[in-house]
Amino acid sequence: MKIGILGTGHIGKTLVTTLSAAGHEVKVANSRGPETIGPDVLTQGGRAVTAADAVLDVDIAIVSVPLNRLPDIAPLIGRSASNTVVIDTSNYYPQRDGRIDALEAGRTESLWVADQLGRPVVKAWNAIGSDSFAKKGKPAGNPDRIAIPVAADNERDRKIALALVEDTGFDGFDAGVLAESWRQQPGTPCYCTDLSRQELPDALAAADPARSPKRRDLAFEAVLERMSGSGARDPGADYLVRLNRALFL
């Protein structure tokens, strides 16, 4: 498939390499221009392009940017073909994105993203930590394979995203419609806890919309405290999974 990826953060980079390695034709863009995209992102055949080009003539457009960048992204998505599947990998962190009143009032994040983009979206790859995503992919059938929830209102779009998740080395799990995708937002039991396909249904069912924002903020503060105490820029992938399991499960 032809795939355009907007964003070269940790999740975006891994999407470029894994989807390219799986045989897809991948274009990638960031806000700074194609010349700033390092060769490590393109090792499997991905192609660096401008943001305007990334979403043209593609079957899939993946938006992997912080929520506060959506005003820049929306006009680009508006120029893509009407049948292009738009996938949202983002999460809301008010400490990073600034306070968004609609989300603070309980609006489901990806429904809000769809509002901003003016297009239906699929929610995928948001509920796995970047280090786990980069390092823990495994072949289909492996008993230790991690599952990633995928939510969308359009069945065709959901099936396409589920297949792409499989191509990145993880079990795609059908998490239902977009209105239920709050169950895979930060602070919920399935968020960055590296669960299997068998474990994920109970985790999704146990999500609590009232408690998840508080748990999200506790985790964020714990990570900042650990980084401040150690002087490290990265708290460590194992720590993040252990922390999230302790707080969310």
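Residues numbered from 1 in each chain as written. Predicted model: local features only at pLDDT ≥ 70, side-chain atom pairs only at ≥ 80, totals over all residues. Heavy atoms only, no water.

(A) Here's a closer look at the overall build of the protein chain. Assigned secondary structure in the protein chain consists of eleven helices and eight strands. Relative to its length of 249 residues, the protein chain is compact, with a C-alpha radius of gyration of 17 Å against a globular reference of 18 Å. Expressed along its principal axes, the backbone C-alpha trace of the protein chain runs to roughly 45 × 40 × 35 Å. Within the protein chain, the fraction of its 249 residues that count as buried is 52%. Taking as baseline every contact in the protein chain between residues at least 6 positions apart, the subset at least 24 positions apart corresponds to 68%. Element-wise, carbon and sulfur atoms account for 50% of the exposed surface of the protein chain, whose accessible area totals about 11,200 Å². Taking the average place of the 29 positive charges on the side chains of the protein chain and the average place of its 32 negative ones, the gap between the two points comes to 1 Å. (Helix = DSSP H or I, 4+ residues; strand = E, 2+ residues; numbered from the N terminus. Rg over C-alpha atoms; globule rule 2.2 N^0.38 Å. Buried < 20%, exposed > 50% of the residue type's maximum accessible area, 1.4 Å probe, protein only. Contact = heavy atoms within 4.5 Å. Areas by Shrake-Rupley, 256 points an atom, 1.4 Å probe, with all protein chains shown as cover. Lys, Arg positive; Asp, Glu negative; His and termini not counted. Charge placed at Lys NZ, Arg CZ, Asp CG, Glu CD.)

(B) Quick peek at the pattern of salt bridges. One pass over the structure, following the stated rule, counts 20 salt bridges. The partner of Asp-53 in a salt bridge is Lys-27, with the nearest N and O atoms 3.6 Å apart. Here the residue Asp-53 occupies a position in helix α2 (residues 51-54), and Lys-27 occupies one in strand β2 (residues 25-29), the gap between them amounting to 26 residues. A residue is classified by how much of its surface remains accessible, and Asp-53, at 26% relative accessible area, is partly exposed. Here Lys-27 falls in the buried class, since its relative accessible area comes to 8%. When salt bridges that share partners are traced, they join Arg-145, Glu-166, Asp-171 and Arg-197 into one network. (Salt bridge = Lys/Arg side-chain N within 4 Å of Asp/Glu carboxyl O.)

(C) Here's a closer look at the UniProt feature "domain: Pyrroline-5-carboxylate reductase catalytic N-terminal" (unreviewed entry) in the protein chain. Following the UniProt record, the feature "domain: Pyrroline-5-carboxylate reductase catalytic N-terminal" (unreviewed entry) maps to residues 2-92 here. For residues 2-92, helix accounts for 27% and strand for 22%, while the C-alpha atoms at its two ends are 28 Å apart. (UniProt positions renumbered as here; feature names shortened; annotations may be inferred.)

(D) Up close: the environment of Pro-71. In this structure, Pro-71 sits in helix α3 (residues 70-78). Taking the C-alpha atoms as reference points, Pro-71 and Gln-116, 45 residues apart in sequence, are found 7.4 Å from one another.

(E) Main features of the layout of surface pockets. Computed from the structure, the second largest pocket encloses a volume of approximately 240 Å³. As for the second largest pocket, its lining consists of 14 residues, and the residues nearest its centre are Leu-103, Gly-106, Gln-185, Pro-209 and Pro-213. If you tally residues by element for the lining of the second largest pocket, the top one is helix α10 (residues 212-230), at three residues. Class assignment of the residues belonging to the lining of the second largest pocket gives a composition of six nonpolar, four polar and four charged. (1 Å grid on protein atoms, 1.4 Å probe; cavity = no way out; pocket = protein on both sides within 12 Å on 5 of 7 lines; lining within 4 Å. Points joined across faces, edges and corners; volume = space filled by probe spheres on them. Nonpolar A, V, L, I, M, F, W, Y, C, P; charged D, E, K, R; others polar.)

(F) Main features of empty space enclosed by the protein. The full count for this structure, using the stated rule, is one cavity of 30 Å³ or more. The space that makes up the largest cavity amounts to roughly 50 Å³. In terms of lining, the largest cavity is formed by Ala-127, Ile-128, Ile-146, Ala-147, Pro-149, Cys-190, Thr-193, Asp-194, Leu-195 and Leu-200. Here the lining of the largest cavity is composed, by residue class, of eight nonpolar, one polar and one charged.

(G) Quick peek at α3. Leu-70, Ile-73, Ala-74, Leu-76 and Ile-77 are the residues of α3 that are buried. Check the buried side of α3 and you find it contacts β1 (2-6), α2, β4 (60-63), β5 (85-88) and α6 (109-117).

(H) Structural detail: the sheet that holds strand β6 (residues 122-123). The strand order across the open sheet formed by six strands is β3-β2-β1-β4-β5-β6, and the pairing between neighbours is parallel. The two strands at the open ends of the sheet, each matched to only one other strand, are β3 (47-48) and β6. α3 contacts β1, β4 and β5 of the sheet and is inclined by roughly 175° relative to β4. (Pairing = 2+ DSSP bridges. Axes fitted to C-alpha atoms, helices over the stretch in contact; angles between N-to-C directions.)

(I) Here's a closer look at the packing of aromatic side chains. Inspection of the entire model under this criterion finds two aromatic pairs. Judged by centre distance (5.6 Å) and plane angle (45°), the rings of Phe-133 and Phe-170 are tilted. Here Phe-170 lies in the loop between α8 (155-167) and β8 (171-174) and Phe-133 lies in helix α7 (residues 130-135), a separation of 37 residues in the sequence. Looking at Phe-170, the relative accessible area reads 0%, which means it is buried. The ring of Tyr-239 carries the charged tip of Arg-226 above its face, separated from the ring centre by 4.1 Å. (Phe/Tyr/Trp six-rings, centres within 6.5 Å; stacked < 30°, edge-to-face > 60°. Lys NZ or Arg CZ within 6 Å of the ring centre and 35° of its normal.)

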